[in-house]
Amino acid sequence: MRPALRALAREAWLRPANLVAPLFVTEAARGRREIPSMPGQFQLGQGDLLKEAEEHARAGVPALLLFGLPARKDARGSGAWARNGAVQRAVRALKRRFPGLVVMTDVCLCEYTSHGHCGLVRRGRGGAFEIANDPTLELLARTALSHAEAGADVVAPSDMMDGRVAAIRAALDKAGLGNTAILSYAAKYASAFYGPFREAAGSAPSFGDRRSHQMDPGNRREALREMALDLEEGADMLMVKPGLAYLDILREARDRFEAPLAAYSVSAEYSMVKAAAARGWVDGGALRDEILLSMRRAGADLILTYFAKEYALDHPQGA
Ligand code: PBG
């Protein structure tokens, strides 16, 4: 079939307008350090983040998702809501320089806690450690509020504590920031696909794991329940994460919910392609395009991916 004819009947497309680029920002004024397991991705100082944002904007990527790397960590993760923290400063600078850019922020404590967990840690029954769900909610709300006050358009809680969306929605509304949207990491699985990210963000837990609050990869109905709950609590958009290994969940979420749906193509999805392509085993660009398109076909509206800039440069009109 001729390409134009094939295109007429094409069902799914991915345009740069659907892409969100995750970026890692530090408190340093400048500098960039490449993340060894994620070639082409960097921990960026404030000035270098602006340069990177400009390159993204020029390539046609309309949105960024920021992760902060604090200079110091403590048991409560207090850097997460610091007025002059890495993310808060970056958001203010980005909104000043690029008013049209959509700025999203990841809301979690794991990059800020000395133990690397997503919430406060305490000794539970029998002396085993546990994450203290309810006391963590206030800290997450405070963090989201500090991002919104700095000017974030969208806050994205990734911690998976129960009730966090309601707590964040209430805090935003009370502060008169009801226009700040919440993109909830609603169906977030306990996944080995986050490995490179934890190196990038220095957020690997120093003991235990995240299986008490992230979802079991064997569960499908649980994901749908979590998404319905987050919508009830006031989420504006829902996310499925990881993307590639959970396309079935994306498809079901698309069929069931009307809210905008995001897929997060996470760190190992990027690293696997880069590693295999570097050995000449695969065509990296073609693999990238097929993986991202599969998420659109499965029903995602927006896609968060470390490939955002290179995809946009290769396909300015989409593909
Ligand atoms: C938690 C968070 C994680 C990712 C995004 N937000 C890591 C985790 O839950 O351990 C992973 C993203 C990726 O792998 O690209 N703040």
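See above for the structure.
All values derive from a computational prediction rather than experimental measurement.

(A) Representation of the nonpolar core. Grouped together as the largest cluster of nonpolar side chains are 103 residues, with contacts concentrated most on Phe 24, Leu 65, Leu 94, Met 227 and Tyr 264. The leading source of residues in this core is helix α4 (residues 133–150), at seven residues. Beyond its immediate sequence surroundings of up to four residues, Leu 94 is in contact with Leu 49, Leu 50, Ala 53, Leu 64, Leu 66, Pro 99, Leu 101 and Val 103.

(B) Summary view of the site of the ligand. As a matter of local geometry, the ligand sits amid 18 residues, with Lys 188, Arg 198, Lys 241, Ser 267 and Tyr 306 nearest to it. Here Asp 106 contributes a side-chain N or O atom positioned 3.3 Å from a nitrogen atom of the ligand. Between the ligand and Ser 267 there is a distance of 2.7 Å, counted from an oxygen atom to a side-chain nitrogen or oxygen. For the ligand, whose unbound accessible area comes to 410 Å², protein coverage reaches 100%. Across the shell around the ligand, the residue classes tally to nine nonpolar, three polar and six charged.

(C) Looking closely at helix α5 (residues 164–174). Considered for burial, the residues of α5 that qualify are Arg 164, Val 165, Ile 168, Arg 169, Ala 171 and Leu 172. The arc that holds the buried residues of α5, viewed along the axis, is 165°, so those residues lie on one side. On its buried face, α5 is in contact with β5 (102–107), α4, β8 (154–157), β9 (181–188) and α7 (221–233). After α5 finishes, the residue Gly 176 shows a positive phi value of roughly 75°.

(D) Layout of the packing of aromatic side chains. Taken as a whole and assessed by the stated rule, the structure comprises ten aromatic pairs. Taking 5.5 Å as the distance between ring centres and 25° as the angle between the ring planes, the aromatic pair formed by Phe 24 and Phe 67 counts as stacked. You can see Phe 24 sitting in strand β1 (residues 19–26) and its partner Phe 67 sitting in strand β4 (residues 63–69), a full 43 residues away along the chain. Of the two residues, Phe 24 and Phe 67, both sit in the buried class. For the pair Tyr 270 and Phe 307, a centre-to-centre distance of 4.8 Å together with 50° between the ring planes defines the contact as tilted. You can see Tyr 270 sitting in helix α9 (residues 267–278) and its partner Phe 307 sitting in the loop between β12 (302–305) and α11 (308–314), a full 37 residues away along the chain. Accessibility expressed as a relative area gives 2% for Tyr 270, which makes it buried.

(E) Quick peek at the pairing of β5. Among the six residues of β5, five are classified as buried, and the element is accordingly described as predominantly covered. Pairing of β4 with β5 involves four bridges; the strand directions are parallel. Bridge assignment links Leu 65 to a residue of β5, and that residue is Met 104. For the handedness criterion, the β-α-β arrangement of β4, helix α3 (residues 86–97) and β5 is classed as right-handed.

How each quantity is defined
- Residues numbered from 1 in each chain as written.
- Predicted model: local features only at pLDDT ≥ 70, side-chain atom pairs only at ≥ 80, totals over all residues.
- Heavy atoms only, no water.
- Core = buried A, V, L, I, M, F, W, Y, C linked by side-chain atoms within 4.5 Å.
- Buried < 20%, exposed > 50% of the residue type's maximum accessible area, 1.4 Å probe, protein only.
- Helix = DSSP H or I, 4+ residues; strand = E, 2+ residues; numbered from the N terminus.
- Contact = heavy atoms within 4.5 Å.
- Near = heavy atom within 4 Å.
- Polar contact = N/O pair within 3.5 Å; in protein donor to acceptor, adjacent residues only side chain to side chain.
- Areas by Shrake-Rupley, 256 points an atom, 1.4 Å probe, with all protein chains shown as cover.
- Nonpolar A, V, L, I, M, F, W, Y, C, P; charged D, E, K, R; others polar.
- Arc of directions from axis to C-beta.
- Phe/Tyr/Trp six-rings, centres within 6.5 Å; stacked < 30°, edge-to-face > 60°.
- Pairing = 2+ DSSP bridges.
- Right-handed = clockwise from strand over helix to strand, strands pointing away.

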